[in-house]
Amino acid sequence: MEPILKVQDVVKHFPIAVGGVLRRKFKTLKAVEGVSFSIDRGACFGLAGESGSGKTTISKLILLLEKITKGSILYEGKDISKFTDKDIKWYRTRVQTIFQDAASSLNPRMRIKKIVSEPLEVHLGKTLSKQEIEERAEEMIRLVGLPADKLANYPHELSGGQKQRVAIAKSIILHPSLVILDEPVSALDVSIRAQILNLLSEIQEKQELTYLIIAHDLAMLKHVTTKIGVMYMGNILELGETQKVFESPLHPYTKALFAAVPQPVPGRLKEIPALQGEIGNPMEPPSGCRFHPRCKFAVDKCRETRPILLEIRPDHRVACHKADGLSATM
Amino acid sequence: MDLMTKKRILSVEDLKTYFFTRAGVIKAVDGVSFTVDEGESLGIAGESGCGKSITCLSLVRLVPQPAGRIVSGKILFEGQDILTKKEEEMRQWRGKVIAMILQDPLTSLNPCFTIGNQVSEPFKLEKGNDQRKNIKQQAIDVLRSVKIPIPERRMNDYPFQFSGGMRQRVLAAIAIARNPRLLIADEPTTSLDVTIQDQFLRLLKDMQKQTNMGLVMITHDMGIVAETCDRVAIMYAGRIVESGTVQRVFLNPAHPYTEALMEALPKMESKSKTLFQIKGEPPNLLQLPAGCSFWPRCHKVIDICRIEYPPLFPVTNGGEASCWLLQKNKDK
């Protein structure tokens, strides 16, 4: 089966002005450096990584909010960078997003009814009657578990969890095929997080959606995703089936990242020492493997050449020169 | 460690901090009691709006005025009641005996002053410490102790030149500069990445081991509590609903809220697909339900829960919890 979304060797560089007004020079910030992955229909793909790893830039590229520097993104086999205005309008009915901070992504001056039905008015306003639009908005608000009378409220009258539900309703009212979720629950309280995560997986099943979830919360990603990519400084270091990646991570960075997550298990001994140092400067990234200055297994080869993603075992790829040796010592 | 040699440094008794607003009285902290010993870390955990931050602001008497007021209770710090101190005395205490690390390292540092300047400030306050050279050396030393590389050179940098993790370490340096007896850390790592968070928490534990200070760690992350604290108090709607050693509370939670919180967390080890979910949302503090504040969301609610707020009952393996179910167990 053809994947719904295929990202091929995508590169994104941002020019950054340095120096004074008259002596302006440009440096390039390498946000994404040759990332490839594909998402199958109905899957839930996760992108994990620390801040500055380029995961949000990728979502912006997919949403056509930024231009790709190099490489291509194919949606159902069609190159999205070659879309005409008409194609783009169609594409935006197919691919929707739910932003990180639901509270600020809802217009405070609109009633919930208007917020939820606006996508319909924009895209299908000519073909649907007012009443039909209203009916659909009501149907959506019930689907996300809110009483229909909330449609008359303004966003400030809702709690954080309810706002997130409205944001979900607004994104799926056009019945998109792909939904991009950027940190869908990180702004919510623990007791509300579980509600929203359960709701998302329920809706995915009912509406036959494909999800791309971007998050730094690894435990959450493990719980909801089927496939996962771990990013570091614009590169995917490890890519594979979620279960395999979590059960036996191959890349030293993935291992360190998993070990660093605090676990609600008292007395858990930390076998793996803390990762030293911090993420590098994306304007002057380290040579070779981007992770080598923090890696305790680094050898000369790591400083010279950048490793590529290699399939170590079925559905599990890793970009590390020493992956073979490391997995043997596990 | 021998229990007998531990000195109690903080004991809070029935603390009540209310906010008087036009809409009504908000009981942000409503009768909270806990203690902290020397070298011990206490975690205060709960969701947003449960009163954990206001509890801590009360400890240093920095509750937002004029709406907020400490209505009653006692805060005994090494035997002395903080609430009866004069404001001038309190100023001397803050930073010297009780220090605080706040959530957001960028807004806590002044962007217009160099790091050196800001780290030197606590040393300048020290009486009889007026030699500039001396102060500079002390600042460099304390920056080194929080593992800032080449501190001599970084002294003249401004906060924007530091990364998030380094800024938080600078704040930790300022907090421990005068060897406080108690350190309050209010969500110290929420703005940090996991690997940096891990580094910072280890640093915090190391600092505590060296100085034997008490630590109050406020967080909503149960993982952080489990890994860094000795004891934990779970707060809900302004009250402590359960407290005890981390071991006991995490392995045998007695209060249904604690139990549900543990179940609702996606865990790295867990297998099941749907998460256990707590129904409803945290209550509005202006319209608390009658009886126990948690009963509308509780999956084990019994009749008495709707009528009367449960007192704290002792739990079998240590600690206490305020839930009527424990009384039933006791009577059996």
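Presented here is a report on the structure given in the accompanying data block. (Residues numbered from 1 in each chain as written. Chains lettered and ligands numbered in written order. Predicted model: local features only at pLDDT ≥ 70, side-chain atom pairs only at ≥ 80, totals over all residues.)

Another point: helix H11 (residues 256-264) of chain B. Among all positions in H11 of chain B, only Pro256, Tyr257, Thr258, Ala260, Leu261 and Ala264 of chain B are buried. On the buried face of H11 of chain B, the contacting elements are helix H7 (190-207) of chain A together with helix H9 (222-228), strand S9 (231-236), strand S10 (239-245) and helix H10 (246-251) of chain B. (Buried ≥ 20, exposed ≤ 12 C-beta atoms within 10 Å, placed from the backbone. Helix = DSSP H or I, 4+ residues; strand = E, 2+ residues; numbered from the N terminus. Contact = placed C-beta atoms within 7 Å.)

All names here are of chain A. The sheet built from eight strands is open, its strands ordered S6-S7-S8-S3-S9-S10-S12-S11 with mixed pairing. The two strands at the open ends of the sheet, each matched to only one other strand, are strand S6 (95-98) and strand S11 (310-313). Recorded for the sheet is a direction-independent mean angle of 20 degrees between the axes of neighbouring strands. (Pairing = 2+ DSSP bridges. Axes fitted to C-alpha atoms, helices over the stretch in contact; angles between N-to-C directions.)

The next thing to look at is the nonpolar core. Residue and element names in this part refer to chain B. Within the largest apolar cluster, 183 residues are counted, with the highest numbers of intra-cluster contacts made by Ala173, Leu183 and Val216. Examining the composition of this core, we find that eight residues originate from one element, helix H7 (residues 164-176), more than from any other. When near neighbours in sequence (up to four residues on either side) are disregarded, Ala173 contacts Val119, Val142, Leu143 and Val146. (Core = buried A, V, L, I, M, F, W, Y, C linked by C-beta atoms within 7 Å.)

What follows deals with the packing of helix H6 (residues 160-172) of chain A against H7 of chain A. Helix-helix packing is described using two parameters, namely the angle between the two axes and the distance between the axes. Residues and elements named next belong to chain A. Running from N to C, H6 and H7 cross one another at 15 degrees; their axes reach a closest spacing of 10 Å. Taken together, the axes of H6 and H7 lie roughly parallel to each other. Taken as a pair, H6 and H7 cross one another with a handedness that is right-handed. On H7, the residues that touch Gly160, Gly161, Gln164, Ile168 and Ile172 of H6 are Ile192, Gln195, Ile196, Ile203 and Gln207. A per-class count over the contact of H6 with H7 returns five nonpolar, five polar and no charged. (Parallel < 35°, antiparallel > 145°, perpendicular 65-115°, else oblique. Left-handed = near helix turned anticlockwise from the far one by under 90°. Nonpolar A, V, L, I, M, F, W, Y, C, P; charged D, E, K, R; others polar.)

With that out of the way, let us pick up the interface of chain B and chain A. Listed per partner, the contact involves 38 residues of chain B and 32 residues of chain A. Contributions of two or more residues to the side of chain B that touches chain A are made by helix H8 (194-211), H9, H10 and H11 of chain B.

The amide bond that connects Gln65 of chain B to the next residue, Pro66 of chain B, takes the cis arrangement and shows omega of -5 degrees. Looking at the element boundaries, Pro66 of chain B is found in the loop between helix H1 (52-59) and strand S4 (68-77). The backbone of Asp9 of chain A sits at a positive phi, close to 45 degrees, despite the residue not being glycine. As for its placement among the helices and strands, Asp9 of chain A is situated in strand S1 (residues 5-18). Classification of Asp9 of chain A by C-beta neighbours within 10 Å gives exposed; the count is 12. Even without being a glycine, Glu208 of chain A presents a positive backbone phi close to 50 degrees. Looking at the secondary structure, you find Glu208 of chain A in the loop between H7 and strand S8 (210-215). On the basis of neighbour count, Glu208 of chain A is assigned to the exposed category, with 11 C-beta atoms found within 10 Å.

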